[in-house]
Structures are given as C-alpha cells and as structure tokens.
Amino acid sequence: MAGPSNMMEESGRDDAATARRVLRKIDRAIIPLLFVTYMLNFMDKVILSSAAVFGLREDTHLHGQQYSWVSSIFYFGYLVWEYPTTLLIARLPVGKYLTANTLFWGAAVAATAACTNFGGLMAVRFLLGVAEATITPGFMFLTSTWYTRDEMPTRVGIWFAGNSVGGLVSSLLAFGVGHIEDNIHPWRWMYIILGVATFLWAIPMFFFLPDSISKAKFLTSEEREVAIRRTIVAGTGSTEDTRFSWEQVRECLIDPKTWLIFCIAVIGQIPNSGTQNFSNIIVKSFNFTSLQSTLINIPYSLLTAAIIAGTGWLAGRYRTLNCLLIVAVVVPCVVGAAVIYCRKQIPSHGVQLFAYFLLSPGPASMPLNMALVQSNFKGVTKKMTITALLFIAYCTGNIAGPQFFRASEAPTYNTAFKTIMICYSLVIVLAIVLRLYLQWFNALRSKLEGIQGSAATAGAVADAKLGDNDAAPVELRPEAFEDLTDWQTIGFRYRL
C-alpha cells in the first residue's frame, strides 16, 4: 500500500504532466496566430522602404524631407491611439477587438495604393498607425494572460521574431513584384497584395483567437482551471474580471523602473525607425541596384529574427540575463554605425555592407524591454499603464528617427549614423543602471519582508515559501486571485 508521501509525489507528477500538456495546447493555438499577425504587421509598416525605391517617391512627387515625414506620421497615429487602446484591451473581448483592428489596418494598407500625393500618403499612414497601435499591447496582454514569468520572454521573442520574418517576406515580395512593368507600377501592387492578405487574415483571428482563458474552446474545463492557476502561481496574476484603478496608475508613475524602461525604449527606437524606413536606400548607397537592395535585406532579416528568438529564449531560461542581453545586442550596432559614419575613410563597399549587418541585432532590444515589462509589473491597470508608456516611448523614438536622415546629406546621412551611435551607447548605460536598481530593490525587499522571494513565481500566495515552477503544488489563498501590484505582493522579485 502506497504511503502518503508516495501519493503526494504521484499527484505532483500528474499535475506537472497536465500543466505541460496544457502549455503545449496553448502554444499550438496562440503562438502561430500571434506570429503571423506580427509578421503582417511589420510587412505593412516597412514595405514603404521597398516602395520608395520602386517609384513611390516619384509617383507621389515627394521632395526634401517629405519622405521622412511620411515615415514619421505613422507613429503620430500610433501615439494618439496608444493609451485609449490599452484601456480598451483590458475592458473589451481582446480577440474580437484585435480582429476588428486587423480589418481596419488591412483596408488602410490597400488604400495606400490609391495615393497620388504627399497629403494622401500622410492621411493613410496616420490611419495605419491608429490601426496598428492595438496589436503589440494586445499581444503583450495576451502573453501575460496565458504564460508564466519564465515562459513570457521566450514567447515574446517568438512572436516578435515575426517582425524580421516579415522583413524577409516583404523583401521577397518586393523583388518579385519589382519586375512588373505596367501602368499601375510595382509599389502599388505591393500595397494591394499586402492589404488584401491582411484583411483576409482577420478571418482565422476571429474564429481561433480566444478572448480569455475561460472562453478558450481548445481547452477542456479542467485544462482551463489549470491554465488560470498557472498564471496566478507563476505568472503575474489573473487578467479576468478586473477594474481600472487610479491607485495602480499612480504607483506605475512613481516607480523608478517605469522611467528607466521608458528611456531605454525611446532612445533605442530612434535608430530603429530610421534604419527600417531607409534600409533599402542605405543599401542602395553602397552601389547596389534597387532589386539587389531588396535581396540583401533577406539575410539581414533572417539574422535579426534569429537574434530576437535566441535572446528571448535566453531571457526566459536565465532570470538574471535580460538587461545584459540588451547591452549585448546594441554593442555591435554602435560599431556598425561608427563604421558607416566613417565611410569616406573606408571606401570598400564590402566593409560598409558588413557594418550595415552589424546593425541587425538592434531590433532585439525592444522585445527584451517588453519582456521586462511583462515579467516585472503586476496588477492589470499598472501593467496596462506601463504598456501605454512603453509604446508612447516607442512612437516618440520612431517619430524622431527618420528626421535625422536629412535629404541634404544623402546618401551618407552622417547626422543619422552619429545619432545611432549616441543613442545605442546611452541604451547600454541605461540597461546597466536598470539592472543595478532591480538588484538593489530585490535585496531591499528580501530584507524588509524577511523572506527570499522568487523571480519565477507571482509571490508568496500560499503558506509555504514558493520556489521554482516545478515545486510542489500549493494551496491558493483568496487574495491570490486579487488584482495586486508587484509592490503589494509579498515575495515578488524582479527579473534582471
């Protein structure tokens, strides 16, 4: 006859097996939808760079800094709608709300093909920014709804890598469509094809993206209970049946880590939008043709996708690496920008192209920063407030970035590459300061609370001290289901 200890061990193994099965089902149902949507999101945003070398600037009569403003106006729309949409994400059925935004965004992309002047481009790009403002904060909300703190960075890395895969696919599309010779012109076909594809993608999103765990048809009722318990014990708490809290807004605004993360985002995105929207123009300046520039960006996109996914996995696997990974991905960018800035002293186009490829890890800093938000902020309103601030910073940096690419400095853009060097250097300093602050605050909380706490769990939600995810099952108290912030949760420790 089995003793009580053996029965408890057997029960623990069964619970662990059930949790793994539920995680696999969640991954199969949620991640492909997020990945493809994010891929289309990025393609629709950056196809402008390919369109620019296939007749868009000439057909719409752009001159001076007008192309830079067409690049920047997208983020004005994003900025205007960012905070309202983060509030709506927490209050509306998130799956249906994301579907509606995808329909609107697909229509805006297709409408770009009808533009004939600067004003028309500015209008549709602004509307595209409004439409896409919901996607990333919505995905962050979904990731924190479904996954534990250890799982979030890896999943963010996977769906964010859709960005770079989208860059690859958009380069292939541009290369293929670039051979078309008709009265419509290749750049218009790019927007028509992508707009229709995005509009049609809303159909699987409507049917397969659940609004919440409790409404997930791909899980049984028992599995839904396991999924909810996972996020309460080892995530950042339940996101269902919560209310807006001004106290959580205030706490977010006075939290030092909020503003360190904000600064990393705004400064890190200044180089990002410039290099995205001018990528084909930059490569073309290395003495390549328009078609060759689209092909060269394919391996660049593959490299970026691999780095995003790889650093996401490392950040999830090791709880003390996140800030150091931000440093690691931007150091090559400083070197690459410095080489391109000094291109007059380095006449070799091969060396200049190599320096351009050194910029490819830069986009990985954003998902790593997002992972810090998802893992280190607790409380639905607090998390949605930092999410809104993160993307306000994202928009501000992306609005500013293209303006450093001055038409009068083409094709070398010295001001832009000097700015890229300075910005990424500041990101290195800020990431180190953030890590030191989180280390200090973890030590302070352990001293004040008298327990070690954990960066893997949602805090001390039971009588026992919580450890890793594979610890023995714990009895949840009623307060574990309450909408508490990270400051209010005993035992909550920050990932570094």
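Residues numbered from 1 in each chain as written. Predicted model: local features only at pLDDT ≥ 70, side-chain atom pairs only at ≥ 80, totals over all residues. Heavy atoms only, no water.

A. Summary view of the overall build of the protein chain. Scanning the protein chain from N- to C-terminus turns up 19 helices and zero strands. In terms of overall dimensions, the protein chain is globule-like: its C-alpha atoms have a radius of gyration of 23 Å, near the 23 Å expected for 496 residues. Taken over the C-alpha atoms alone, the protein chain extends approximately 80 × 45 × 45 Å along its principal axes. When the 496 residues of the protein chain are sorted by exposure, 59% land in the buried category. In the protein chain, 84% of the contacts between residues at least 6 apart in sequence involve partners at least 24 apart. Carbon and sulfur atoms make up 66% of the accessible area of the protein chain, which amounts to about 19,500 Å² in all. Taking the average location of the 39 positive side-chain charges in the protein chain and that of its 33 negative ones, the two points are 5 Å from each other. (Helix = DSSP H or I, 4+ residues; strand = E, 2+ residues; numbered from the N terminus. Rg over C-alpha atoms; globule rule 2.2 N^0.38 Å. Buried < 20%, exposed > 50% of the residue type's maximum accessible area, 1.4 Å probe, protein only. Contact = heavy atoms within 4.5 Å. Areas by Shrake-Rupley, 256 points an atom, 1.4 Å probe, with all protein chains shown as cover. Lys, Arg positive; Asp, Glu negative; His and termini not counted. Charge placed at Lys NZ, Arg CZ, Asp CG, Glu CD.)

B. Main features of a nonpolar patch on the surface. A cluster of nonpolar side chains, Leu-103, Val-196, Phe-199, Leu-200, Ile-203, Phe-206, Phe-207 and Phe-208, forms an exposed patch at the surface whose accessible area comes to about 810 Å². It is helix α9 (residues 186-208) that contributes the most residues to the nonpolar patch, seven residues altogether. For Val-196, the position within the fold is in helix α9. (Patch = residues over 30% accessible without salt bridge, like charges linked within 9 Å, V, L, I, M, F, W, Y side chains within 5 Å. Salt bridge = Lys/Arg side-chain N within 4 Å of Asp/Glu carboxyl O.)

C. Broad picture of the confidence of the model for the protein chain. Confidence in the prediction for the protein chain averages 87 pLDDT; 91% of positions are at 70 or higher. The model gives residues 461-476 a pLDDT under 50, and that stretch makes 34 contacts with residues more than four places away or in other chains. (pLDDT = per-residue confidence, 0-100.)

D. Representation of the side chain of Lys-382. Tracing the backbone through its elements, the reader meets Lys-382 in helix α18 (residues 380-400). Residue Lys-382 is classed as buried on the basis of its relative accessible area of 0%.

E. Representation of the pattern of salt bridges. In this structure the tally under the stated criterion is 16 salt bridges. Lys-96 serves as the salt-bridge partner of Asp-211, at 3.4 Å between the closest nitrogen and oxygen. Of this pair, Asp-211 sits in the loop between α9 and α10 (221-234) while Lys-96 sits in helix α4 (residues 94-112); the two residues are 115 residues apart in sequence, bridging distant segments of the chain. Judged by relative accessible area, Asp-211 falls into the buried class, the value being 16%. Residues participating in the shared-partner salt-bridge network are Glu-251, Asp-255, Lys-257, Lys-382 and Asp-486.

F. Representation of the packing of helix α14 (residues 290-317) against helix α15 (residues 322-341) within the structure. Where α14 meets α15, the closest approach of the two axes is 9 Å, and the angle between their N-to-C directions is 155°. Viewed along their axes, α14 and α15 adopt a mutual orientation that is roughly antiparallel. For the pair α14 and α15, the crossing hand works out as right-handed. Taken together, the residues of α15 that come into contact with α14 (itself represented by Ile-307, Thr-311, Leu-314 and Ala-315) are Asn-322, Leu-325 and Val-329. (Axes fitted to C-alpha atoms, helices over the stretch in contact; angles between N-to-C directions. Parallel < 35°, antiparallel > 145°, perpendicular 65-115°, else oblique. Left-handed = near helix turned anticlockwise from the far one by under 90°.)

G. Representation of the environment of Asp-59 within the structure. Here Asp-59 lies in helix α2 (residues 56-59). Here the side chain of Asp-59 touches His-185 through a polar contact of 2.5 Å, side chain to side chain. A polar contact of 2.8 Å, which involves the side chain of Asp-59, links it to the side chain of Trp-187. (Polar contact = N/O pair within 3.5 Å; in protein donor to acceptor, adjacent residues only side chain to side chain.)

H. Spotlight on the packing of aromatic side chains. Summed over all chains, the structure comprises 32 aromatic pairs. For the pair Tyr-38 and Trp-159, a centre-to-centre distance of 5.0 Å together with 70° between the ring planes defines the contact as edge-to-face. Taken together, the residues span a long stretch of sequence, with Tyr-38 in helix α1 (residues 4-52) and Trp-159 in helix α7 (residues 152-160) at a distance of 121 residues. Each member of the pair Tyr-38 and Trp-159 is classed as buried. Ring geometry for Tyr-437 against Trp-440: centres 6.0 Å apart, planes inclined by 40°, an arrangement best described as tilted. Here the residue Tyr-437 and the residue Trp-440 both occupy positions in helix α19 (residues 414-449), the gap between them amounting to three residues, near one helical turn. Taken together, the ring pairs connect Tyr-67, Phe-278, Phe-405, Tyr-413 and Phe-417 into an aromatic cluster. The ring of Phe-377 carries Lys-257 above its face, with NZ or CZ at 4.4 Å from the centroid. We note Lys-382 situated over the ring of Trp-487; from NZ or CZ to the ring centre the distance is 4.9 Å. (Phe/Tyr/Trp six-rings, centres within 6.5 Å; stacked < 30°, edge-to-face > 60°. Lys NZ or Arg CZ within 6 Å of the ring centre and 35° of its normal.)

I. The arrangement of unusual backbone geometry in detail. Pro-411 follows Ala-410 through a cis peptide bond whose omega is 0°. By the secondary structure assignment, Pro-411 is in the loop between α18 and α19. Even without being a glycine, His-185 presents a positive backbone phi close to 85°. Relative to the elements of secondary structure, His-185 occurs in the loop between α8 (162-177) and α9. By relative accessible area, His-185 is classed as partly exposed at 29%. With a phi angle near 50°, Tyr-413 is a residue other than glycine that sits in the positive phi range.

J. Fine view of the state of the cysteines. Within this structure, the stated rule accounts for zero disulfides. No disulfide involves Cys-263; its sulfur sits 12 Å from the nearest other cysteine sulfur, which is in Cys-423. (Disulfide = S-S within 2.5 Å.)

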